[in-house]
Amino acid sequence: MKKANGHEIIQLFEQFSPKGLAMEGDKIGLQIGRLNKKIDNVMIALDVLEEVIDEAIERNVQLIIAHHPPIFRSLKNVLTDTVQGRMIEKLLKNDIAVYAAHTNLDVAAGGVNDLLADALGLGNPEVLVPTYETKLKKLVVFTPASHAEEIRKVLGDTGAGFIGNYSHCSFSADGTGRFLPGEKTNPYIGQQGRLESVDEVRIETIVPEHLLKRVVTAMVKAHPYEEVAYDIFPVENKGEVLGLGRIGTVKEMTLGEFAERVKKALEVDKVRVVGDLSSRVKKVAVLGGDGNKYFMSAKFKGADVYITGDIYYHTAHDAMMQGLNMIDPGHNVEKIMKKGLTATLSKMCKESGYEVEIFPSEVNTDPFKFI
Ligand SMILES: [Zn+2]
């Protein structure tokens, strides 16, 4: 086990939740502080409120990863007698960095929307609102036969070769590699000034564009040659579609029964329900956060009920007229990301041999009480 710095942890995190998945204009990434420091403790938070910062200080946290960006509108100044200024001051004085993963974490496979769909027990969940289509590249690498298996493993382990539900897909063909090591070389096989021919394997696979850098870096690291021969080709194949919200099915029940399930699954005391409580529910759409503007996507995709936060009075009326049931468990159910992300990032850090504690913030940031 080794100590990690902030860059290394964020690099891992971005493999899971790449910045490229964020909606245009979103405020994501490192917002406050620095990453070039050793990290012992990372805290996962939904919101960065003053109480959350106090908790971070108390728990000796060097990095907060938050879903809601604490700086959303551009700052004109940082005045330490305002709440926001005081929060920034506290973070900087205590050398606590804040990194935000907002819509990219909503979209990411295993992110907020998948966690919500999982908790609700949706079968065969699909994307509700497509926002991103993965572009694919073909990667071809030439390796001595002795290292072909290791290279194929590294390619697959870092995310290359996914076709549908199959991973580690590749094709290999044997051939002969030829090279003439020049001056100043230190060849793994052969010697300077002598034309060499080696039994090599050509391995080809497919890589999502957003993973290309990580796949190539790992491949080059695992390859024995000083100069690795590889090609990257653009391909026309359509990649996986990612996006906001999920839609799937549950065992048929009434809207009233399903509302009870939502309360339990998302750990809330009350939900607001739009629609006839005795109507039947089977196809369920869910979208974390404020999903008002996507209610027609749920309707078009045949949802019997749409679960989202911050439902407006008029959206509720519109949905009613469209015959779409809605359940609003509150925006705060996105708190599910705290535990989900803690588990995912802990696993990734452990696999990378990083000695770091990752834990969820325990502060309840829901501003609403029902009385
Ligand atoms: Zn949100």
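Data block above holds the structure.
Below: a short report on this structure. (Residues numbered from 1 in each chain as written. Predicted model: local features only at pLDDT ≥ 70, side-chain atom pairs only at ≥ 80, totals over all residues. Heavy atoms only, no water.)

## Observations regarding the overall build of the protein chain
Here is step 1 of the chain: A count of helices and strands for the protein chain gives eleven helices and 17 strands.
Here is step 2 of the chain: Considering only contacts in the protein chain between residues 6 or more positions apart, those separated by 24 or more positions represent 73%.
Here is step 3 of the chain: Accessible area for the protein chain stands at about 19,700 Å²; split by element, carbon and sulfur atoms hold 51% of it.
Here is step 4 of the chain: Side-chain charges of the protein chain comprise 45 positive and 51 negative groups, with the mean position of each set lying 1 Å from the other. (Helix = DSSP H or I, 4+ residues; strand = E, 2+ residues; numbered from the N terminus. Contact = heavy atoms within 4.5 Å. Areas by Shrake-Rupley, 256 points an atom, 1.4 Å probe, with all protein chains shown as cover. Lys, Arg positive; Asp, Glu negative; His and termini not counted. Charge placed at Lys NZ, Arg CZ, Asp CG, Glu CD.)

## Thoughts on the sheet that holds strand E8 (residues 136-144)
Here is step 1 of the chain: The four strands are arranged E9-E10-E8-E11 in an open sheet whose pairing can be described as antiparallel. Both edges of this open sheet fall to strand E9 (171-179) and strand E11 (230-234), since each of them pairs with a single strand only. Across this sheet, the average inter-strand angle for adjacent strands is 25 degrees, counted without regard to direction.
Here is step 2 of the chain: Packing against the sheet, helix H6 (residues 148-157) makes contact with E8, E9 and strand E10 (196-208), and its axis sits at approximately 15 degrees to E10. (Pairing = 2+ DSSP bridges. Axes fitted to C-alpha atoms, helices over the stretch in contact; angles between N-to-C directions.)

## Concerning the side chain of Glu55
Here is step 1 of the chain: Assignment of secondary structure puts Glu55 in helix H2 (residues 50-58).
Here is step 2 of the chain: Its relative accessible area of 11% is what places Glu55 among the buried residues.
Here is step 3 of the chain: Look past the residues within four positions of Glu55 in its chain and what remains in contact with it is Met43, Pro360, Ser361, Glu362 and Val363. (Buried < 20%, exposed > 50% of the residue type's maximum accessible area, 1.4 Å probe, protein only.)

## Focus: the pairing of E8
Here is step 1 of the chain: Counting buried residues in E8 gives seven out of nine residues, a clear majority hidden from the surface.
Here is step 2 of the chain: Where E8 meets E11, five bridges bridge the pair, whose relative direction is antiparallel. Bridge assignment links Lys138 to a residue of E11, and that residue is Phe233.

## Things to note about helix H8 (residues 255-265)
Here is step 1 of the chain: Turning to H8, its buried residues number three or more, namely Leu255, Phe258, Ala259 and Val262. Buried positions in H8, seen along its axis, are confined to an arc of 105 degrees and lie on one side of it.
Here is step 2 of the chain: Trailing H8 by a residue or two, Glu267 shows a phi angle of about 55 degrees, which is positive. (Arc of directions from axis to C-beta.)

## Quick notes on the coordination of the zinc ion
Here is step 1 of the chain: Protein-derived coordination of the zinc ion comes from His68 (NE2), His331 (NE2) and Glu334 (OE), at a distance range of 1.9 to 2.2 Å.
Here is step 2 of the chain: All donors to the zinc ion come from one chain, and their sequence spacing reads H-x262-H-x2-E. With a gap of 266 residues between them, His68 in the loop between strand E5 (63-66) and helix H3 (83-93) and Glu334 in the loop between strand E16 (325-328) and helix H11 (336-351) connect regions that are remote in the sequence. Each member of the pair His68 and Glu334 is classed as buried. (Donors = N, O, S within 2.8 Å, 3.2 Å for Na, K, Ca; no water.)

## Considering the sheet that holds E5
Here is step 1 of the chain: Reading across from one edge, E2-E6-E5-E4-E17 is the order of the five strands in this open sheet, with mixed pairing throughout. Since the sheet does not close on itself, it has two edges, and those belong to strand E2 (29-32) and strand E17 (357-360), each with one partner. Neighbour-to-neighbour, the strand axes of this sheet turn through a mean angle of 25 degrees, independent of strand direction.
Here is step 2 of the chain: As judged from the four bridges shared by E5 and strand E6 (residues 97-100), these two strands associate in the parallel manner.

## Topic: the side chain of Thr134
Here is step 1 of the chain: Take Thr134: it is sitting in the loop between strand E7 (123-133) and E8.
Here is step 2 of the chain: A polar contact of 2.8 Å, which involves the side chain of Thr134, links it to the backbone oxygen of Glu240.
Here is step 3 of the chain: Among all residues touching Thr134, those that are not within four sequence positions of it are Pro208, His210, Gly239, Glu240 and Leu242. (Polar contact = N/O pair within 3.5 Å; in protein donor to acceptor, adjacent residues only side chain to side chain.)

## Some remarks on the packing of H2 against H3
Here is step 1 of the chain: Interhelical geometry of H2 versus H3 gives an angle of 10 degrees and a closest axis separation of 10 Å. It follows that H2 is roughly parallel to H3 by the angle criterion. Between H2 and H3 lies a crossing of left-handed hand. Side by side, H2 and H3 meet where Glu50, Ile53, Asp54 and Ile57 of the first sit next to Val83, Arg86, Met87, Lys90 and Leu91 of the second.
Here is step 2 of the chain: Within the contact of H2 with H3, the residues separate by chemical class into five nonpolar, no polar and four charged. (Parallel < 35°, antiparallel > 145°, perpendicular 65-115°, else oblique. Left-handed = near helix turned anticlockwise from the far one by under 90°. Nonpolar A, V, L, I, M, F, W, Y, C, P; charged D, E, K, R; others polar.)

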